[in-house]
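# Residue-level structural notes
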Amino acid sequence: MKYTRLTKEQLEELHQEFINFLATQSITADEWEDIKKNKPEVAEQELDVFSDLVWLGVLNKVQYLEHISPQQIHLFQCNEKSMRLIALRIQNKAVDFTTKEGFNWLRDNLLSDSVEFFNAKKDYSDDKHLDIFKMIQAGANITKGELFNYFANLVKGA
């Protein structure tokens, strides 16, 4: 298994897609019940393969990731061959970007010397999807890129 198995809740949400997946392998509902009962290791393998296919479909569509912690914001644009990073950091422990107040503070103090900006580009390893997956596992969230684009325009204009 390349990624992680979908949770029970995720599998329940994708019930119809899983039925279609089994159908592509000519596995009927009755056969699936038999496999679960008499060959649990085969059932586990089918769940793993399905999970990897779902993850690959999701990872193929990822364009932006965000990872926000109390004193840092990491915004990623996932391009074809590389990832662009815009990062913000503050040393002020009284400000917490994960709260509404901290975000408001950032908005009001964006151009102050206490906010540090970083801009970087990083090539993917041999496996772009696995790189993105590891970032999600480490706490990054898939987004539509509003925050990234806001700061990209701000950095460009500075």
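A short tour of the structure in this document, coming up. In this text the structure is predicted, and so the values were computed from the model without any measurement.

## Comments concerning the packing of aromatic side chains
By the definition in use, this model includes 9 aromatic pairs. Taking the centre distance of 5.6 Å and the plane angle of 45 degrees together, the rings of Tyr64 and Phe148 count as tilted. Taken as a pair, Tyr64 in strand 1 (residues 64-69) and Phe148 in helix 7 (residues 146-157) lie far apart in primary sequence, 84 residues in all. Residue Tyr64 shares its accessibility class with Phe148, and that shared class is buried. Among the aromatic residues, those joined into a ring-pair cluster are Phe18, Phe21, Trp32 and Phe50.

## Overview of the side chain of Asp48
Within the element layout of this structure, Asp48 appears in helix 4 (residues 40-61). Of the polar contacts made by the side chain of Asp48, one reaches the side chain of Arg5; its length is 2.7 Å. Once residues within four sequence positions are removed from consideration, Asp48 is found in contact with Met1 and Arg5.

## With respect to the pattern of salt bridges
Under the criterion given, the structure shown has 7 salt bridges. Among the ionic pairs, Arg5 bridges to Asp48, the shortest N-O distance being 2.7 Å. With Arg5 in the segment before helix 1 (8-13) and Asp48 in helix 4, the pair connects residues that are 43 residues apart, well separated along the chain. One network of salt bridges, with partners in common, ties together Arg5, Glu44 and Asp48.

## Some points on the nonpolar core
It is characteristic of soluble globular proteins that their nonpolar side chains tend to be buried jointly. Leu65 and Ile132 are the most contacted members of the largest nonpolar core, which totals 27 residues. Elements with a contribution of two residues or more to this core: helix 2 (15-24), helix 3 (29-38), helix 4, strand 2 (72-78), strand 3 (82-90) and helix 6 (128-137). Among the elements that take part in this core, helix 4 stands out by supplying 5 residues, more than any other. Apart from the residues within four sequence positions on either side, Leu65 is in contact with His74, Leu75, Phe76, Cys78, Ile132, Met135, Ile136, Ala140, Asn141, Ile142 and Thr143. Listed in part, the 15 residues of the second largest apolar core include Ile73, Leu88, Val115 and Phe151.

The rules we used
Residues numbered from 1 in each chain as written. Predicted model: local features only at pLDDT ≥ 70, side-chain atom pairs only at ≥ 80, totals over all residues. Heavy atoms only, no water. Phe/Tyr/Trp six-rings, centres within 6.5 Å; stacked < 30°, edge-to-face > 60°. Helix = DSSP H or I, 4+ residues; strand = E, 2+ residues; numbered from the N terminus. Buried < 20%, exposed > 50% of the residue type's maximum accessible area, 1.4 Å probe, protein only. Polar contact = N/O pair within 3.5 Å; in protein donor to acceptor, adjacent residues only side chain to side chain. Contact = heavy atoms within 4.5 Å. Salt bridge = Lys/Arg side-chain N within 4 Å of Asp/Glu carboxyl O. Core = buried A, V, L, I, M, F, W, Y, C linked by side-chain atoms within 4.5 Å.

Read these as geometric descriptors, not functional statements.
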